[in-house]
Amino acid sequence: GATYLLLNILSAAALQNQIDGEFSNAMKTYVWMMGWFLCEYMWFEEIHLYTYDLFAEKLGFKLFWGCFCFYPFFYCIGV
């Protein structure tokens, strides 16, 4: 799912480059942040299969940050 989302973002970036001839700073940031998130998630995927942040960190910082900070502001950006 996240891989397809990144491919969709890359497609939007390519379209922006085709129309405007350059990438905006917002698009560069958006592509970089989603790419970093996906690579970090895939690299540490084994951890996600065997632990749950809510119990491992006693608060679930990653769960909290992802649900309240990352997803609402990055997935709904109109590109």
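What this report covers is the structure whose coordinates are included nearby. (Residues numbered from 1 in each chain as written. Predicted model: local features only at pLDDT ≥ 70, side-chain atom pairs only at ≥ 80, totals over all residues. Heavy atoms only, no water.)

Once that is clear, we can look at the overall build of the chain. Assigned secondary structure in the chain consists of 5 helices and 0 strands. Each helix (α) and strand (β) of the chain, taken in turn from the N terminus, gives the series α-α-α-α-α. Here the chain, with 79 residues, has 24% of them falling under the buried criterion. Partitioning the intrachain contacts of the chain with sequence separation of at least 6 by distance along the chain shows that 50% fall at a separation of at least 24. (Helix = DSSP H or I, 4+ residues; strand = E, 2+ residues; numbered from the N terminus. Buried < 20%, exposed > 50% of the residue type's maximum accessible area, 1.4 Å probe, protein only. Contact = heavy atoms within 4.5 Å.)

Tracing the sequence through the fold places Leu6 in helix H1 (residues 2-20). Measuring from C-alpha to C-alpha, the distance between Leu6 and Met34 comes to 6.5 Å, with 28 residues separating the pair along the chain. Those residues in contact with Leu6 that lie beyond four places of it in its chain are Val31, Met34, Gly35 and Leu38.

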